Amino acid sequence: MRSASEDLTTRARIRDAAITTFGEQGFGVGVRAIAAAAGVSPGLVNHHFGSKEGLRAACDDHVRDVIRAAKVEFAQRPSPNGLLEQMAEIEEFAPHMAYMLRSFQSGGDLLTSFFEHMVEDVEQYLIAGVAAGTYRPPRDLKATARYIATTNGGGMVMFLQLYAAQHEGRIDYRKALREYADHMTLPALEIYTNGLLTDSMALDTLTRQR
């Protein structure tokens, strides 16, 4: 008989294999291929997740949990070492970024559900940052969360599509993430930290109109 800890380890191994396989091959891949990647039987996949849809839901939750945890940690306890560690380890997020891109490309209900959960996650780390005193309170937290989720998600998709076009349609997600971080992090932090406009005319005008 398997222990609870062994079941948890097997479940995590299947989930992680599924995230990688979905990211590499898309969501049309079958349970048999995922089971082979995890080194288990298809029956064991269904034992832990019930169905391919159940496995997909668990993958969605885990990918979002990983990204949200990193964002919340930095929002609550920002430090030079923490920032540099996250930058140094960014390649470790490669399977999660591949999975996200597949989710964005899938369209329909899969895209809508994943994106709306992303917006909720951004709300959580904005709230955490405001509570910790590291973020300024936005005028409209929900609108700000939706803006960040849209621009970050859309920007990443655009970057990866351009990367693929420059590499004969292939994406090495580890290299792509490193390139993305090297090119985008400094200007993004500068805009978020210092702002871009020299006065509040545009913001004041729109605020008065509303």
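Per chain, residues are indexed from 1 in the order of the written sequence. Local features in this predicted model are restricted to residues of pLDDT 70 or higher, and side-chain atom pairs are both shown and tallied only at a pLDDT of 80 or more, whereas totals for entire chains, interfaces and linings draw on every residue. Water and hydrogen atoms play no part in the side-chain values, which are based on all heavy atoms of the structure.

A. Fine view of the side chain of Glu91. Numbering of helices and strands runs from the N terminus, with a helix taken as a DSSP run of H or I at least four residues long and a strand as a DSSP run of E at least two residues long. Within the element layout of this structure, Glu91 appears in the loop between α5 (80-88) and α6 (94-106). The rule is simple: take the accessible area with a 1.4 Å probe, protein chains only, and divide by the maximum for that residue type; under 20% is buried, over 50% is exposed, in between is partly exposed. According to the relative accessible area criterion, Glu91 is buried, its value standing at 17%.

B. Main features of the packing of aromatic side chains. Only centres within 6.5 Å qualify two rings of Phe, Tyr or Trp (six-membered ring in Trp) as a pair; their planes then separate them into stacked at under 30 degrees, edge-to-face at over 60, and tilted for everything else. Taken as a whole and assessed by the stated rule, the structure comprises 6 aromatic pairs. Ring plane angle 55° and centroid distance 6.3 Å describe the contact between Tyr99 and Phe114, whose orientation is recorded as tilted. Note that Tyr99 is positioned in helix α6 and Phe114 in helix α7 (residues 108-132), a separation of 15 residues in sequence. Of the residues examined, Tyr99 reaches a relative accessible area of 0% and is grouped as buried. On the basis of relative accessibility, which here comes to 1%, the residue Phe114 falls in the buried class. Taken together, the ring pairs in this structure connect Phe22, Phe27, Tyr99, Phe104 and Phe114 into an aromatic cluster. Against the face of Phe27 rests Arg56, its NZ or CZ located 3.7 Å from the ring centre. A ring is considered to have a charge above it if a Lys NZ or an Arg CZ atom is located within 6 Å of its centre and within 35 degrees of its normal.

C. The arrangement of the nonpolar core in detail. By convention a nonpolar core is built from buried Ala, Val, Leu, Ile, Met, Phe, Trp, Tyr and Cys residues, the set being connected through side-chain atoms within 4.5 Å. In terms of nonpolar packing, the biggest core is built from 47 residues, with Phe22, Val45, Leu55 and Tyr99 touching the most fellow members. Among the elements of the structure, α1 (4-25), α2 (31-38), α3 (42-49), α4 (52-76), α6, α7, α8 (141-166) and α9 (173-194) are those that each provide at least two residues to this core. Should any heavy atoms of two residues lie within 4.5 Å, those residues are counted as being in contact. Once residues lying within four places of it in the same chain are set aside, the contact partners of Leu55 are Ile14, Arg15, Ala18, Ile34, Val45 and Phe49.

D. Focus on the environment of Tyr180. Looking at the element boundaries, Tyr180 is found in helix α9. With 21 residues separating them along the chain, Tyr180 and Phe159 place their C-alpha atoms 7.4 Å apart.

E. Quick peek at the packing of α2 against α3. Where α2 meets α3, the closest approach of the two axes is 8 Å, and the angle between their N-to-C directions is 100°. The pairing of α2 with α3 is recorded here as roughly perpendicular in orientation. Seen from α2, the contacting residues are Val31, Arg32 and Ala35; seen from α3, they are Pro42, Val45 and Asn46. Here the contact of α2 with α3 is composed, by residue class, of 4 nonpolar, 1 polar and 1 charged. Fitted lines through C-alpha atoms serve as axes, helices being fitted only where they are in contact, and the angles separating the N-to-C directions of these axes extend from 0 to 180 degrees. Oblique is the label for any angle not covered by the other classes, which are roughly parallel (under 35 degrees), roughly antiparallel (over 145) and roughly perpendicular (65 to 115). When residue character is reported, Ala, Val, Leu, Ile, Met, Phe, Trp, Tyr, Cys and Pro are called nonpolar, Asp, Glu, Lys and Arg charged, and the others, Gly included, polar.

F. Just the pattern of salt bridges, in detail. A pair is scored as a salt bridge if a Lys or Arg side-chain nitrogen falls within 4 Å of a carboxyl oxygen belonging to Asp or Glu. In this structure the tally under the stated criterion is 12 salt bridges. Residue Asp61 pairs with Arg64 through a salt bridge whose shortest N-O separation is 3.3 Å. Note that Asp61 and Arg64 are positioned in helix α4 at a spacing of 3 residues, about one turn of the helix. Since its relative accessible area comes to 40%, Asp61 is described here as partly exposed. By relative accessible area, which is 11% here, Arg64 ends up buried. Here Arg178 ties to Glu91 by a salt bridge, and the two come within 3.0 Å at their closest N and O atoms.

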